[in-house]
Amino acid sequence: MAPSTGDLAGCFVTIEGGEGTGKTTLLAALAERARAKGLDVVTCREPGGTALGERLRSALLGADGSAPDPRAELLVFAAARAQLVAEVVRPALDRGALVLCDRYADSTTAYQHYGRGLPRETVDAVNAAATGALTPDLTLLLDLPPTEGLRRAGRAGDYMEREDLAFHERVRAGYGELARSEPERWRVLDASRGAGDMADEAWGEIVRAAQLGPA
Ligand code: TMP
């Protein structure tokens with residue numbers, strides 16, 4: 001059965017993964033499929049997605065940026081997220097749109113807890129405050145060895161991409177733990193495949209998650 005607007009109405013899907021895993025490309029492909037089916041789709045990215053969020057993104061991750069204090073970093077990501085939830089995500093879900101978001105609170109757990117080593121309780125409390133406890137219905141994890149992801153991302157990256165390999169390995173392992181701890185919400189996709197295969201599988205997962213049967 002093909003999905004109808006009603007089936008995916010108010011569904012919140014997030015895409016997570018390390019550097020260079022193809023989240024942005026996948027999100028664009030999924031949005032195109034959903035729009036082609038006549039669905040009301042809202043796409044966003046984190047940090048960013050609002051005027052304030054984009055300013056915070058360039059303040060934090062701009063070309064000349066260096067790593068701030070980890071707690072300052074945590075709170076900037078949280079501030080951008082709070083604005084995105086209030087201004088974009090909540091209103092879109094309330095009117096029945098399908099929301100596709102490139103990164104969300106799980107990025108903070110993966111990067112600031114598993115990567116930076118901030119206490120899990122601190123990160124969970126900040127995430128809860130920023131999101132108002134709004135949790136995705138489905139989270140797609142694009143999994144790829146960091147050596148390959150960083151190669152794909154290229155050399156002129158922001159300070160996060162310039163962190164050492166051990167940092168990126170911790171982030172990847174952290175994502176794996178998150179996915180295993182909540183298997184009903186997470187789907188792990190092998191990101192070493194081509195963009196078309198990824199989009200087919202991801203779309204299938206979205207349709208299944210909305211209990212629609214085969215895509
Ligand atoms: P992007 O370039 O993949 O959109 O992500 C921006 C960078 O910010 C990426 O290195 C991951 C990082 N990040 C965090 O560390 N914590 C967060 O909460 C978010 C949203 C992103």
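Everything below is about the structure printed above this text.
This is a predicted model, so every value here is computed, not measured. (Residues numbered from 1 in each chain as written. Predicted model: local features only at pLDDT ≥ 70, side-chain atom pairs only at ≥ 80, totals over all residues. Heavy atoms only, no water.)

Here's the deal with the overall build of the protein
Line of reasoning, step 1. When its secondary structure is counted, the protein shows eight helices and five strands.
Line of reasoning, step 2. Reading the helices (α) and strands (β) of the protein from amino to carboxyl end gives β-α-β-α-α-β-α-α-β-α-α-β-α.
Line of reasoning, step 3. Computed over C-alpha atoms, the radius of gyration of the protein comes to 17 Å, within 12% of the 17 Å expected from 2.2 N^0.38 for 215 residues, which places it in the range of a compact globule.
Line of reasoning, step 4. A total of 215 residues make up the protein; the buried ones form 48% of that total.
Line of reasoning, step 5. Considering only contacts in the protein between residues 6 or more positions apart, those separated by 24 or more positions represent 79%.
Line of reasoning, step 6. As displayed, the protein has an accessible area near 9,600 Å², and 52% of this comes from carbon and sulfur atoms.
Line of reasoning, step 7. Distance from the positive charge centre (25 side chains) to the negative charge centre (32 side chains) of the protein: 2 Å. (Helix = DSSP H or I, 4+ residues; strand = E, 2+ residues; numbered from the N terminus. Rg over C-alpha atoms; globule rule 2.2 N^0.38 Å. Buried < 20%, exposed > 50% of the residue type's maximum accessible area, 1.4 Å probe, protein only. Contact = heavy atoms within 4.5 Å. Areas by Shrake-Rupley, 256 points an atom, 1.4 Å probe, with all protein chains shown as cover. Lys, Arg positive; Asp, Glu negative; His and termini not counted. Charge placed at Lys NZ, Arg CZ, Asp CG, Glu CD.)

Some words on helix H2 (residues 51–61)
Each α-helix turn comprises 3.6 residues. Residues three or four places apart therefore point the same way.
Line of reasoning, step 1. Listed in full, the buried residues belonging to H2 are Gly-53, Leu-60 and Leu-61. End-on view of H2: buried residues confined to an arc of 70 degrees, all on one side of the axis. Those residues of H2 that are exposed and aimed more than 90 degrees away from the buried face are Ala-51, Arg-55 and Ala-59.
Line of reasoning, step 2. Structurally, H2 contributes buried residues whose contacts are with helix H3 (70–94). (Arc of directions from axis to C-beta.)

Here we look at the sheet that holds strand S2 (residues 41–45)
Line of reasoning, step 1. Strands sit in the order S2-S3-S1-S4-S5 across an open sheet of five strands; the sheet is parallel. The sheet terminates laterally at S2 and strand S5 (186–190), the two strands that pair on one side only. Strand after strand, the sheet turns through a mean of 20 degrees between neighbouring axes, direction not considered.
Line of reasoning, step 2. In terms of strand pairing, strand S4 (residues 138–143) meets S5 through five bridges, oriented parallel. Residue Leu-142 lies in a different strand from S5, and its bridge partner there is Leu-189.
Line of reasoning, step 3. Along the sheet, helix H4 (residues 105–115) contacts strand S1 (12–17), S4 and S5; its crossing angle with S1, the most-contacted strand, is approximately 20 degrees.
Line of reasoning, step 4. Where helix H8 (residues 195–209) meets the sheet, it contacts S1, strand S3 (98–102), S4 and S5, and its direction lies at approximately 160 degrees from that of S4. (Pairing = 2+ DSSP bridges. Axes fitted to C-alpha atoms, helices over the stretch in contact; angles between N-to-C directions.)

What about the site of the ligand?
Line of reasoning, step 1. Around the ligand, a shell composed of 14 residues is seen, among which Glu-19, Arg-81, Arg-103, Thr-108 and Gln-112 lie nearest.
Line of reasoning, step 2. Between the ligand and Glu-19 there is a distance of 2.8 Å, counted from an oxygen atom to a side-chain nitrogen or oxygen.
Line of reasoning, step 3. At 2.6 Å from an oxygen atom of the ligand is found a side-chain nitrogen or oxygen belonging to Thr-108.
Line of reasoning, step 4. Computed on the free molecule, the ligand has an accessible area of 480 Å², of which 93% lies beneath the protein chains in the complex.
Line of reasoning, step 5. Those elements that place two or more of their residues in the shell around the ligand are H2, H3 and H4.
Line of reasoning, step 6. Across the shell around the ligand, the residue classes tally to five nonpolar, three polar and six charged. (Near = heavy atom within 4 Å. Polar contact = N/O pair within 3.5 Å; in protein donor to acceptor, adjacent residues only side chain to side chain. Nonpolar A, V, L, I, M, F, W, Y, C, P; charged D, E, K, R; others polar.)

A look at the pattern of salt bridges
Line of reasoning, step 1. Under the defined criterion, the tally for this structure stands at 17 salt bridges.
Line of reasoning, step 2. The shortest N-O distance in the salt bridge between Arg-120 and Asp-124 comes to 2.9 Å. A residue pair is termed a helical-turn pair when its members lie 3 or 4 positions apart in one helix, as Arg-120 and Asp-124 do in helix H5 (residues 120–131) at four residues.
Line of reasoning, step 3. Linked through salt bridges whose partners overlap, the residues forming this network are Glu-73, Arg-116 and Glu-163. (Salt bridge = Lys/Arg side-chain N within 4 Å of Asp/Glu carboxyl O.)

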